[in-house]
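Chain by chain, the residues:
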Amino acid sequence: ASEAGAAFTAAAGDTDGVVFFVTDDADVMAAFGLADGEIVAVRDFAEEEAQIKLEGEVTADAITEFLSAHRLPLVVEFSDETAPMIFGGDIKSHYLVFSDSTGEGHGAVLTTFRQVSKSFSGKFVHVLVDTSKSSNDRILDFFGITKDMGIVARIIFLSEGVDKYAPDFTEMTEENMAGFAQRYLDGELTKHLNSEEVPEDWDAQPVKVLVGKNFEQVAFDETKDVLVECNLLEVLSNENLNRLGVPVLWHFLTVQVFGQY
């Protein structure tokens, strides 16, 4: 038990936002069904298990991974309060569903999303973004999502930047949503780029205008010499993310092309 205690102390020292307790009281241990050296996470999330026991070897890394998987609900709603926990955690793959909490079908898709999240616990942070809340308008803008699009899913990976992935379906069934997550984990998805519509006169002038939808076709055309100038016209900056040191999320609006095209 002393090794488990040392691991527990080490994990506690490296973890913020979680209250750690140690007890040698036999009655307390019996109430939680614990033997000496065992660890349990006690949570208060609606419709989820109140207690989850750490299984397997008790090491500092195992405890940290256990906390990453269980410190948040299976599906956490995005807000200013939850953003630091969402973006500041060890799990960098985030599965987001954008849905209007007042709209038809919201309850059903949330139930489905929770069910799917059980199979991918520890692989993703599963996030619900309520599109009915004006406080979430900026994150909608960043993803290029409008409220009239209905229920939308995205996966992102946070590294030095933000890689985004979009599904090829609109029907939010359990099979579709789980398949989307699995294809991402298997490395089968292509990064998604936000894009304006291609202007009708994009190639009418010597300086062409590119958007996401025609960028690869033009910029990577091996038969022509192309010089690309990127204009960073807008930045989405979240105070909580900046405070955590998460990279600024740049929004590329237009790209101009110079050269023989």
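Look up: the structure comes first, before these words.
Figured I'd write up the structure that's included with this text. (Residues numbered from 1 in each chain as written. Predicted model: local features only at pLDDT ≥ 70, side-chain atom pairs only at ≥ 80, totals over all residues. Heavy atoms only, no water.)

Let's talk about the nonpolar core
Side chains of nonpolar character tend, in soluble globular proteins, to be buried together.
Piece 1. Counting residues in each nonpolar core, the largest one holds 21 residues, and the members touching the most others are Phe78, Phe98, Val127, Val129 and Phe143.
Piece 2. Secondary structure elements with two or more residues in this core: helix H4 (83-87), strand S4 (93-99), strand S5 (125-130), helix H6 (137-143) and strand S6 (152-158).
Piece 3. The greatest single-element share of this core, amounting to four residues, is contributed by H6.
Piece 4. Among the nonpolar cores identified, the runner-up in size contains 19 residues, and Val116, Tyr165, Met177 and Phe180 belong to it. (Core = buried A, V, L, I, M, F, W, Y, C linked by side-chain atoms within 4.5 Å. Buried < 20%, exposed > 50% of the residue type's maximum accessible area, 1.4 Å probe, protein only. Helix = DSSP H or I, 4+ residues; strand = E, 2+ residues; numbered from the N terminus.)

Focus on the environment of Lys191
Piece 1. Its location among the elements puts Lys191 in the loop between helix H7 (174-185) and strand S8 (208-210).
Piece 2. In this structure, the C-alpha to C-alpha distance between Lys191 and Ile155, residues 36 residues apart in sequence, is 9.6 Å.
Piece 3. Those residues in contact with Lys191 that lie beyond four places of it in its chain are Asp163, Lys164 and Tyr165.
Piece 4. Among the polar contacts listed, one links the side chain of Lys191 to the side chain of Asp163, at a separation of 3.5 Å. (Contact = heavy atoms within 4.5 Å. Polar contact = N/O pair within 3.5 Å; in protein donor to acceptor, adjacent residues only side chain to side chain.)

Focus: the side chain of Arg43
Piece 1. Along the chain, Arg43 turns up in the loop between strand S1 (40-42) and strand S2 (51-53).
Piece 2. A polar contact is formed between the side chain of Arg43 and the backbone oxygen of His70, at a distance of 3.0 Å.

Side note on the sheet that holds strand S3 (residues 76-77)
Across a sheet, paired strands are connected by hydrogen bonds in the backbone, their directions being either parallel or antiparallel.
Piece 1. If you trace the five strands from one edge of the open sheet to the other, you get S3-S5-S4-S6-S7, paired in mixed fashion. Each end of this open sheet is capped by a strand with a single partner; those strands are S3 and strand S7 (162-165).
Piece 2. Across six bridges, S4 lies against S5 in parallel orientation. Pairing of Tyr95 across the sheet is with His126, part of S5.
Piece 3. Its contacts with the sheet place helix H5 (residues 106-119) against S4 and S5, and it is angled at close to 170 degrees to S5.
Piece 4. Contacts from H7 reach S4, S6 and S7 within the one sheet, and its direction differs from that of S6 by about 20 degrees. (Pairing = 2+ DSSP bridges. Axes fitted to C-alpha atoms, helices over the stretch in contact; angles between N-to-C directions.)

Topic: the pattern of salt bridges
Piece 1. This structure, assessed with the given rule, holds six salt bridges.
Piece 2. The partner of Arg183 in a salt bridge is Asp168, with the nearest N and O atoms 3.7 Å apart. Taken together, the residues span a long stretch of sequence, with Arg183 in helix H7 and Asp168 in the loop between S7 and H7 at a distance of 15 residues.
Piece 3. Looking at Arg183, the relative accessible area reads 26%, which means it is partly exposed.
Piece 4. Of the charged contacts in the structure, one is a salt bridge between Lys224 and Asp221, with a shortest N-O distance of 3.6 Å.
Piece 5. For Lys224, a relative accessible area of 33% puts it in the partly exposed group.
Piece 6. Using a relative accessible area of 17% as the deciding quantity, one classes Asp221 as buried. (Salt bridge = Lys/Arg side-chain N within 4 Å of Asp/Glu carboxyl O.)

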